[in-house]
Amino acid sequence: MAPKSFRVVVLHGDGIGPEIVPQATRVLEAISEASSDVELILDPRDFGGCAIDKYGDPLPEETLEACKRADAILMGSIGGPKWGPTAKVRPEPGLLRLRQELGLYANVRPASFASDSLVSYSPLKAEVAKGVNIIVVRELIGGLYYGPREEQGDGNSAYDTMVYSVAEVERITRVAAQIALNANPPLMIHSIDKANVLASSRLWRKVVTETLTKEYPQIKFQHQFVDTAAMNIVGSPRKLNGVVLTENLFGDILSDEASIIPGSLGLLPSASLTDAPTSPSDPLFRPTPGLYEPIHGSAPDIAGKGIANPVGTILSAALLLRYSLGLEKEAQAVEAAVRKVLDDEDIGGYGLKTADLGGKATTAELGDKVVEVLKTLL
Ligand code: ATP
Ligand code: MG
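Please read all numbers here as calculations on a predicted model, not as lab measurements.

By the definition in use, this model includes 23 salt bridges. Note that Lys369 is salt-bridged to Glu372, the shortest N-O span being 3.4 Å. Of the two residues, Lys369 and Glu372 are both situated in helix H12 (residues 363–377); the distance of three residues between them amounts to about one turn of the helix. Where salt bridges share partners, they join Glu61, Glu65, Lys68, Arg97 and Glu101 into one cluster.

Right, let's get into the environment of Ile31. One can find Ile31 in helix H1 (residues 17–34). Owing to a relative accessible area of 1%, Ile31 belongs among the buried residues under this scheme. Considered as a pair, Ile31 and Val334 are 303 residues apart in the sequence and their alpha carbons are 9.3 Å apart. Non-local contacts of Ile31, meaning those with residues more than four positions away in its chain, are made with Leu321, Glu330, Val334, Leu374 and Leu378.

All right, on to the pairing of strand S10 (residues 242–246) then. The buried fraction of S10 amounts to five of the five residues, a majority that puts the element mostly inside the structure. Of the pairings in the sheet, the one linking strand S5 (residues 134–139) to S10 comprises five bridges and is parallel in character. Looking at S10, one finds that Val136 is bridged to Val244.

Taken as a whole, the largest pocket spans an internal volume of roughly 700 Å³. Lining the largest pocket are 27 residues, and of these Ser112, Asn133, Ile135, Arg322 and Glu335 sit closest to its centre. For the lining of the largest pocket, the elements supplying multiple residues, two or more each, are helix H6 (166–182), helix H10 (311–324) and helix H11 (328–342). Top contributing element to the lining of the largest pocket by residue count: H11, with five residues. A breakdown of the residues in the lining of the largest pocket according to their chemical character gives 16 nonpolar, six polar and five charged. Counting only domains with at least three residues in the lining of the largest pocket, you end up with domain 1 (1–107 + 275–377) and domain 2 (123–147 + 160–261).

The rules behind these values
- Residues numbered from 1 in each chain as written.
- Chains lettered and ligands numbered in written order.
- Predicted model: local features only at pLDDT ≥ 70, side-chain atom pairs only at ≥ 80, totals over all residues.
- Heavy atoms only, no water.
- Salt bridge = Lys/Arg side-chain N within 4 Å of Asp/Glu carboxyl O.
- Helix = DSSP H or I, 4+ residues; strand = E, 2+ residues; numbered from the N terminus.
- Buried < 20%, exposed > 50% of the residue type's maximum accessible area, 1.4 Å probe, protein only.
- Contact = heavy atoms within 4.5 Å.
- Pairing = 2+ DSSP bridges.
- 1 Å grid on protein atoms, 1.4 Å probe; cavity = no way out; pocket = protein on both sides within 12 Å on 5 of 7 lines; lining within 4 Å.
- Points joined across faces, edges and corners; volume = space filled by probe spheres on them.
- Nonpolar A, V, L, I, M, F, W, Y, C, P; charged D, E, K, R; others polar.
- Domains from an automatic or database assignment.

Below you can see the structure in the form of structure tokens.
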């Protein structure tokens, strides 16, 4: 049988992007080489500040068209002082346009430790931080950020509006459910709202309950108010282990709050999806296009030094394999390789860490080791 072929657009971007992204593409290449069933075609394109320098546009038409045709997109980070707030053309509107054009309505951010040996780098006490396994699923193109808003009169008052439709809540609930089902046993879903005050939250709670009860009876779920959840994330985060499902504003705040748990920005991946991923065991598997990027920015202060942590980008590639390509086994192999490279020697790892974690390893050394270990796992 001919191998299943997937096209992955690669957007290196700016700052540390061109240093960290190649570590992740080498991981994808290793998987493509090792498998006779899967062929990954990487398609690098210009995007962000570097595209402004070349074309005067952060999102050139041919980049957008390539992204629309792709099975998945792997991105570094964009922006930098050269294209700051006073620049005529800025990179950030390019990213907003890309998200909108592709309909990336589901933002997925695991906030767990890449390795339990990293618990000591958390600003939280080890006994609080240990064993945390939270995946935040945030609705990304609805709610307060997109509802009608106005400044009224002579600036004496202003309003924003939080609107959610049944269809919008249903579709994001299905994304959370599929992600919960990707784990064995399925993860619990914690749906976060403010239903004691907000009408939109009461609709949210009702639709989440109906969708999960009818379509996913095997998944356990609970509802929690956003203020309680905010407290739990830093006070007793294990209480939220599983999928934290929430709307746009609450998700913006909670996902940044949760990213504090592992200690370095350089460790965390994210996915933005256009639809619920199909389960990898589903014989009718179809790719769910998505955009994968580390949660950090372009880190201009350390760009060009070869010391940036590539783990967030490599783990983003693992999410790409899992959600857009349905390659769960390969995704787990990448995660296991990262764990082994980071883990300390006394627990069987190589203890390689970049400067953000107090280590001396370079970006490329970490990438080399992950690829080397990964090849033994495939
Ligand atoms: P943006 O507005 O683009 O999100 P930011 O202002 O939040 O950017 P980042 O670029 O994320 O800032 O950087 C914040 C700090 O974290 C910087 O000191 C940066 O060097 C550090 N940092 C970010 N990513 C990494 C990484 N992958 N490895 C090491 N340090 C990092
Ligand atoms: Mg930032």
